[in-house]
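This is what each chain is made of:
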Amino acid sequence: MKQYFVTGTDTEVGKTYVTCHLLRAATKAQLKSVGYKPIAAGCELIDGEWVNEDAANIQQASGLALPINEINPIALKPPIAPHIAAKEAGVQLTQASIDKGLRHLESYQPDFLLMEGAGGWRLPLSIGNETTPTHYLSDVVKALKMDVILVVGMRLGCLNHALLTAEAIRSDGLTIKGWVANDVTGNMSRYQENLASLCDMLPEPLLAEIPYQSEPADDVLQRAIEQLC
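Because the structure is predicted, anything quoted here is derived from the model rather than measured.

(A) Local environment of the packing of aromatic side chains. The final tally for this structure, using the stated rule, is 2 aromatic pairs. When the centroid spacing of 6.3 Å and the interplanar angle of 55° are considered together, the rings of Y4 and F112 count as tilted. Of the two residues, Y4 sits in strand β1 (residues 2-8) while F112 sits in strand β7 (residues 112-116), which places them 108 residues apart along the sequence. Under the relative-accessibility criterion, Y4 is labelled buried at 3%. For the pair F5 and W121, a centre-to-centre distance of 5.9 Å together with 70° between the ring planes defines the contact as edge-to-face. You can see F5 sitting in strand β1 and its partner W121 sitting in the loop between β7 and β8 (124-126), a full 116 residues away along the chain.

In structure tokens form, the structure reads like this:
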């Protein structure tokens, strides 16, 4: 089984969009695929359970047909920082709870599993104090020793965001398997020059380039899956 953690240079850079494309491409490649979004904030009550739109999209893109609460076991109502939403709901965001959901999905023996984060790399799960350190989602990924796929939202400021995020991932001792350039605006000035700069500065491979509001070519996604699997 190949499994990766999908993170982004910021929130709203297309992590879910990229995750769904990769899951569908894996299914087309005859791989049993599943996505996992352990924590999601911003949910709507549907048929008696809280449903996050991103988690629902991942559920639909997964090759395995599973209930939403297995894809997204920690669903928080307000669209705010997850650690704040969890505190208001009386929910603890822990390594154990995230591990439990991951192990459950692994029991289905998928060929390809993507675990999508929330926000950026340093998403806090709980804020520490003088005696207790702050706990981040990246700490969970570090404990799991998962390789990482970095989604770069192609917009003004992406060079700094991409380089700092990649630096943090590497400093945590983890491997960036590759990165995806996702055009999030359609009107970025000097897009190609910025893309070329990232290719020069990031030693990890560019897995795929996702055009603005357009489906990437099947062969682009197929090559990404071949690099990942």
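The structure having been displayed, the exposition proceeds.
(B) Spotlight on the packing of helix α1 (residues 15-28) against helix α9 (residues 218-228). Their axes nearest at 9 Å, the elements α1 and α9 cross at an angle of 85°. Comparing their axes, α9 and α1 come out roughly perpendicular. Packed against α1, whose contacting residues are H21, L22, A25, A26 and K28, the element α9 presents D218, L221, A224, I225 and L228 at the interface. Partitioned by chemical class, the residues of the contact of α1 with α9 number 7 nonpolar, 1 polar and 2 charged.

(C) Main features of unusual backbone geometry. Positive phi is not limited to glycine here, since E12 has a value of about 60°. In this structure, E12 sits in the loop between β1 and α1. Taking the relative accessible area as the measure of exposure, E12 reaches 65% and is therefore exposed. Of note, R190 is a non-glycine position whose phi angle comes to about 55°, a positive value. With respect to the helices, strands and loops of the structure, R190 is situated in the loop between β11 (176-183) and α8 (191-201). Accessibility expressed as a relative area gives 56% for R190, which makes it exposed.

(D) View of the packing of helix α7 (residues 158-171) against α8. The interhelical angle for the contact between α7 and α8, taken along N-to-C directions, is 20°, at an axis separation of 10 Å. By the criterion of interaxial angle, the relationship of α7 to α8 is roughly parallel. Read as a crossing pair, α7 and α8 show a hand that is right-handed. Facing C158, L159, A162 and L163 of α7, the residues of α8 in contact are N194, S197, L198 and M201.

(E) Main features of the environment of V13. Assignment of secondary structure puts V13 in the loop between β1 and α1. On the basis of relative accessibility, which here comes to 1%, the residue V13 falls in the buried class. Sequence-wise, V13 and L45 are 32 residues apart; in three dimensions their C-alpha atoms are separated by 25 Å. Every residue in contact with V13, bar those within four places of it in the chain, is listed here: G8, V151, G153, R155, N182 and V184.

(F) Up close: the environment of I58. Here I58 shows up in helix α2 (residues 53-61). With a relative accessible area of 0%, I58 lands in the buried category. Between the alpha carbons of I58 and T19 there is a distance of 7.3 Å; along the sequence they are 39 residues apart. For I58, the contacting residues outside a window of four places in its chain are T16, T19, C20, L23, G35, Y36, K37, I71 and E116.

(G) Layout of the pairing of β11. Counting buried positions along β11 yields 7 of 8 residues, so the element is predominantly enclosed. Here strand β10 (residues 147-154) runs beside β11; their pairing, made up of 7 bridges, is parallel. Looking at the pairing, V152 lines up with A181 of β11. Once the chain exits β10 it traverses α7 before rejoining the sheet at β11, and the crossover so formed is right-handed. Sheet topology places β11 next to strand β12 (residues 206-210); 4 bridges connect them, and they run parallel. The residue bridging N182 from the neighbouring strand is I210, located in β12. The β-α-β motif built from β11, the intervening α8 and the parallel element β12 has right-handed crossover chirality.

Reading the values: the criteria
Residues numbered from 1 in each chain as written. Predicted model: local features only at pLDDT ≥ 70, side-chain atom pairs only at ≥ 80, totals over all residues. Heavy atoms only, no water. Phe/Tyr/Trp six-rings, centres within 6.5 Å; stacked < 30°, edge-to-face > 60°. Helix = DSSP H or I, 4+ residues; strand = E, 2+ residues; numbered from the N terminus. Buried < 20%, exposed > 50% of the residue type's maximum accessible area, 1.4 Å probe, protein only. Axes fitted to C-alpha atoms, helices over the stretch in contact; angles between N-to-C directions. Parallel < 35°, antiparallel > 145°, perpendicular 65-115°, else oblique. Contact = heavy atoms within 4.5 Å. Nonpolar A, V, L, I, M, F, W, Y, C, P; charged D, E, K, R; others polar. Left-handed = near helix turned anticlockwise from the far one by under 90°. Pairing = 2+ DSSP bridges. Right-handed = clockwise from strand over helix to strand, strands pointing away.

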